[in-house]
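Listed below are the residues making up each chain.
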Amino acid sequence: MFIGLFRHIWLNFIIFALVVIFLCASSSHVYALKHYTKERKLELREQVRSMFQHAYEGYLKYASDYDELRPLTCDGVDTWGSYSLTMIDSLDTLATMGNFTEFRRIAKLLEKKMDFNRDINVSVFETNIRIVGGLLSAHLLSKKAGVELEAGWPCQGPLLRMAEDVAKRLLPAFDTSTGMPYGTVNLRHGVPKGETSITCTAGVGTLLVEFGTLSRLTGNSIYEEVALNALHSLWNRRSPIGLFGNHIDVQSGRWTALDSGIGAGVDSLFEYMVKAGILLQRPELLEMFHTARAAIDKYLRHEDWYVWANMNKGQVTLPVFQSLEAFWPGILSMIGDREAAIKTIANYASVWRKYGFLPEFYTITTGEAATNRESYPLRPELVESVMYLYRATKNEFLLELGESILHTIEHSAKTKCGYATIRNVVTHEKENRMESFFLSETTKYLFLLFDEANFLHNDAGHGDIIETAQQGECIINSGPYIFNTEAHPVDMSALYCCHDHKQDIFDGMDLQNYGDSVLTKKDFELHMKEKSETNSFCRTKSPLHYQRDRFKKVVHPQPPPSSKNPVQPSLAVDIEVFDDDNKPAGDILVESFERVKNELATGSTITSPAAVDLQNQPHNQLTVSDLQEFFSKKREHFKSPQDILDYTVGFLKNFTLDPTYISSLQLFEKNINELLGSVTQKEFEGTTKTLWELYELQQRYKMNMQLLTAFNLHSFGEFDRKMVERVILVLHGDQSDSSNNVIWNKLTSLYMEYTRALTNTTAMQNFLLKILINGSEEKPRNHKALLTNDEISKLPIETVDVPQQLKLFSYAKRIVEAEKRMSDTLEQLQKLMLDINNKQKSDNKTPKVVEPSLAPAASTDDQTPSKADDLTVPDSKVNRNYVATNTSATSTTSAIGTNLMTHSPTKENENGSVWTHLVDTFLGKTSSQKTKFDASELLQRTRKSLEKYDNIDIDYSLLTCARPKFIETFAYRYYYP
């Protein structure tokens, strides 16, 4: 009896344990606490509609002529280009929510209002995803919204023409040696003069959805081809372990920021591999994604969190979760990996429930929002993943999370005219900004989460048949709809209504041969064929292995070196040389090249400092643990003060910081900009630098600022003209005038202070401590100096000759020379106006006497004053950014001076008056136009580049070789993984 009872209890225990194990192993290991009826979901949907309407009406009322609404002050602000960004960005959201009347009104308004022929610099990335993407989506939704269509739609239409107009203005960005685009273009002139060639990884890889759609609708292949070429160019530059950095030089192809992650600066690269692969039917893009994901899972994934690591070594550099990474579970759900997606989104949901929002940075190791990264600008990435994953799993936990997102935004972000960015997720303090993506993405994804019957959820179950001139009978509005990274939906079915791009994979196939029984038989026959045939392509490789191999670089075997002609080792040198004005110094480069060539020819050893520096170039990315190890050192660990100096300087020279971190660590002091010009900030934060280079630059800036302030040369309009001339003479090395000894003494004193700073280990410790505090969760602390002031003063310092000393003050030299040029120009203008006044008096006229002005400098080239009354003398100081530019005074004559008063543009001078040109020269303004852009030449180069990638035009019959079921199901989520 007891044995039977024991067996019964034991059996129940085993059953219970198995149930628990099954539940724990289930992919859907998170569950909702409540059930959502159809009525409840519709209630939440209407709450989202009210949220959108409140923000949208606030924008129309207070900021319709601006890019964005400022929700605390209820006014507008231009952010990305001054083209009513929010209006374009939210247009397809109106259609999503069924407000077709307003959609038609805004579409008509945009047709009349929009003109993109503007002399403004815009972000290629933002303009593409928001403007081009928004216009394309609105164009494809026009029929659904009841817009009166012109003949030929969807292959033509006003919104499509506007989208192409903008895309054409972005094309000059792709005119680079690598095919990867610049980050900024001028909508009228192309790439601005002096534009940095460094851009973020996502900026290169987030173009194919929009540009591919544009090519398929217009028949102009250039858009899809340049975007595809840019992606392949980026792909071929990933690291040996398969990771991408987050910033790259599009001219040299060199990575400038080596941290790899799935968040800011990289995120949408992976998103577009999947979405463009599906939308444009390019399986090679999905193959790219799965290859990239393997490296991500190996080096970046830790307990279903994703961290940042060095792209070359894979070591963790930043253990944080960024809110932009929250798109990742949605992408995983699109490829069918729901288990990994639900685990990761559960982590993100825990952060949301802790704060009510997602901070921009969340430190995984401490479980807290990162310092100075606590904001939440109403981002959509989490709710995007929630929507995708709910569609895939129907897990009501996701509805519960969506409801929480809706209610916290409504409770903490709402203002009287919109919804505000959350400045701090801990305190829920608001900030005066409402980004356009709140209306374009956040509200749209929330609406689609609760509106399960929305037409955008159509998966080709039904559609509309139309007639087109290009393709005859065509089906549209059948989906599936692919959302770009700004949540603008593109109807995939519509892309096949206009122009053939590649063959249909079903063409020429007898689909009856792809039933389950036939496929099973063919699988068996294929298996037997692999055993018996040795030369079969299908035996050796699957199609995707074949594609993958075609990505690999072919290395041809090299013949052995001949004893008669021994192969000389090559010296790969990557040198950037600049003169005192931070410009490439061609003569120095040629001289160095000739010297290296001669030394190689004679077999002598290269021992120049530049060569030594190149050979010992550091490659270690700084981490918190490195800094902690540095500060763990004590005085007794070293034998002498010189050992301490050598160790400290060696540490600074051994570690680097990427541009993004240099900026975020706030190492650059703002007053430097005011005194030395904005070029210094670009120099300081523009490229990857060693800690030593950053420290040394700080000391240089400090000495130059002290020189300017010592002689009151730091404020234009208040300096002594004679003192400026004396300082310029000294900085050019003139020692003939003994009255300038006070200036020489100051220069000598400052140089001695500079050289002592290069041995001041205490100052170096303070510099490193600032990096540690600003870059981690470390609280401010005091550290014990490794050396006393007396010990530092006894350390040897380098002595150099006078010309070398003067090079230290190149920044101050540039400033005072610019001030002298400006002073000379003003003096000439005053004399010129006096001559004009005297001439007018001699002609028996009585004009109003005026003095010259700097005011026209604020006007554009086509705004030309025509009367003397328009000229006034300003009392305000000239912006230091202009003063710092390298300008040259322009000589004028009285005849030209007369034209300053009455000149109107002529054929010889269509770009503005002589006055405008004079002021532009004197302020150093230059046209942003580089060279005439030739789209046909770009297309030729792009196609030549694409020839390297043999698998661009895929033979789809290959897919039936090893994976015939792919043809039958035709769904990537089944094919992968």
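The name an unreviewed UniProt entry gives the protein chain is alpha-1,2-Mannosidase, with Stomoxys calcitrans as the organism. Checking UniProt for the protein chain, the heading Sequence similarities (unreviewed entry) contains the comment "Belongs to the glycosyl hydrolase 47 family." The heading Subcellular location (unreviewed entry) in the UniProt record of the protein chain holds the text "Endoplasmic reticulum".

Trainee: Any chance you could explain the packing of helix α14 (residues 338-355) against helix α16 (residues 396-412) here in plain terms?
Mentor: The axes of two packed helices give the description: the angle between them and the distance between them. As a packed pair, α14 and α16 sit with axes 11 Å apart at the nearest point and diverge in direction by 30 degrees. The orientation of α14 with respect to α16, classified from their angle, is roughly parallel. As α14 runs across α16, the sense of the crossing is left-handed. Contacts between α14 and α16 involve I342, I345, A349, W352 and R353 from the former and F397, L398, E400, L401, S404, I405 and T408 from the latter. The class makeup of the residues in the contact of α14 with α16 is eight nonpolar, two polar and two charged.

Trainee: Is there a simple way to explain the sheet that holds strand β13 (residues 320-322) in this structure?
Mentor: Within a beta sheet, neighbouring strands are joined by backbone hydrogen bonds and run either parallel or antiparallel to one another. What the three strands build is an open sheet, ordered β13-β14-β15; its pairing is antiparallel. Bordering the open sheet on either side are β13 and β15 (368-369), each of which pairs with just one other strand. In this sheet, strand β14 (residues 361-363) lies alongside β13 in antiparallel orientation, the contact comprising three bridges. Within β14, the residue paired with Q322 across the bridge is F361.

Trainee: How should the state of the cysteines be read in this particular structure?
Mentor: In protein chemistry, a disulfide is the covalent bond that joins the sulfur atoms of two cysteines. Inspection of the entire model under this criterion finds three disulfides. Each sulfur in the disulfide pair C74 and C417 lies 2.2 Å from the other. Judged by the sign of its S-S torsion, about -105 degrees, the bond between C74 and C417 is left-handed. Of this pair, C74 sits in the loop between β1 (68-70) and β2 (75-77) while C417 is found in the loop between α16 and β16 (421-424), placing the two residues 343 residues apart along the sequence. Disulfide pairing places C155 opposite C498 at an S-S distance of 2.2 Å.

Trainee: Teacher, can you tell me more about the environment of V730 here?
Mentor: As for its placement among the helices and strands, V730 is situated in helix α29 (residues 721-731). Judged by relative accessible area, which is 0%, V730 ranks as buried. Remark: the alpha-carbon pair of V730 and N740, spanning 10 residues in sequence, is separated by 7.3 Å. Not counting residues up to four positions away in its chain, the partners in contact with V730 are N740, I743, W744, L747 and L806.

Trainee: What's the story with the nonpolar core in this structure? I'm lost.
Mentor: Side chains of nonpolar character tend, in soluble globular proteins, to be buried together. Counting residues in each nonpolar core, the largest one holds 240 residues, and the members touching the most others are F211, F270, I409, L657, L691, L768 and I771. By residue number, the principal contributor to this core is helix α28 (residues 691-710), which donates 10 residues.

Trainee: What should I look at first to understand the packing of aromatic side chains in this one?
Mentor: The way to describe two aromatic rings as a pair is by their centre distance and the angle between their planes. A complete count under the given rule lists 32 aromatic pairs for this structure. When the centroid spacing of 5.3 Å and the interplanar angle of 40 degrees are considered together, the rings of Y419 and F438 count as tilted. Here F438 lies in helix α17 (residues 437-450) and Y419 lies in the loop between α16 and β16, a separation of 19 residues in the sequence. Exposure class is identical for Y419 and F438. Each is buried. Through pairs of rings, three or more aromatic residues link up here, namely W235, F244, F270, F289, Y306, F327 and W328. For the cation-ring pair, R238 lies above W235, with the distance from its terminal atom to the ring centre recorded as 3.9 Å. The ring of F361 carries R373 above its face, with NZ or CZ at 5.4 Å from the centroid.

Trainee: Before we go on, may I ask you to explain the sheet that holds strand β12 (residues 316-318) in this structure?
Mentor: The strand order across the open sheet formed by three strands is β8-β11-β12, and the pairing between neighbours is antiparallel. Looking at strand neighbours, the two that pair on one side only are β8 (259-260) and β12, the edges of this open sheet. Relative to strand β11 (residues 308-310), β8 runs antiparallel, the two sharing two bridges. Within β11, the residue paired with S260 across the bridge is A309.

Trainee: What am I meant to see in unusual backbone geometry here?
Mentor: Excluding glycine, residues mostly have negative phi values, and the peptide bonds linking residues are mostly trans. With omega at 10 degrees, the peptide bond leading from W153 into P154 counts as cis. Backbone torsion omega between G479 and P480 reads -5 degrees, so that peptide bond is classified as cis. Structurally, the position occupied by P480 is in the loop between β19 (472-476) and β20 (481-483). Even without being glycine, N372 reaches a positive phi, approximately 65 degrees. With a phi close to 55 degrees, N712 is a non-glycine residue in the positive phi region.

Quick notes on the rules
Residues numbered from 1 in each chain as written. Predicted model: local features only at pLDDT ≥ 70, side-chain atom pairs only at ≥ 80, totals over all residues. Heavy atoms only, no water. UniProt positions renumbered as here; feature names shortened; annotations may be inferred. Axes fitted to C-alpha atoms, helices over the stretch in contact; angles between N-to-C directions. Helix = DSSP H or I, 4+ residues; strand = E, 2+ residues; numbered from the N terminus. Parallel < 35°, antiparallel > 145°, perpendicular 65-115°, else oblique. Left-handed = near helix turned anticlockwise from the far one by under 90°. Contact = heavy atoms within 4.5 Å. Nonpolar A, V, L, I, M, F, W, Y, C, P; charged D, E, K, R; others polar. Pairing = 2+ DSSP bridges. Disulfide = S-S within 2.5 Å. Buried < 20%, exposed > 50% of the residue type's maximum accessible area, 1.4 Å probe, protein only. Core = buried A, V, L, I, M, F, W, Y, C linked by side-chain atoms within 4.5 Å. Phe/Tyr/Trp six-rings, centres within 6.5 Å; stacked < 30°, edge-to-face > 60°. Lys NZ or Arg CZ within 6 Å of the ring centre and 35° of its normal.

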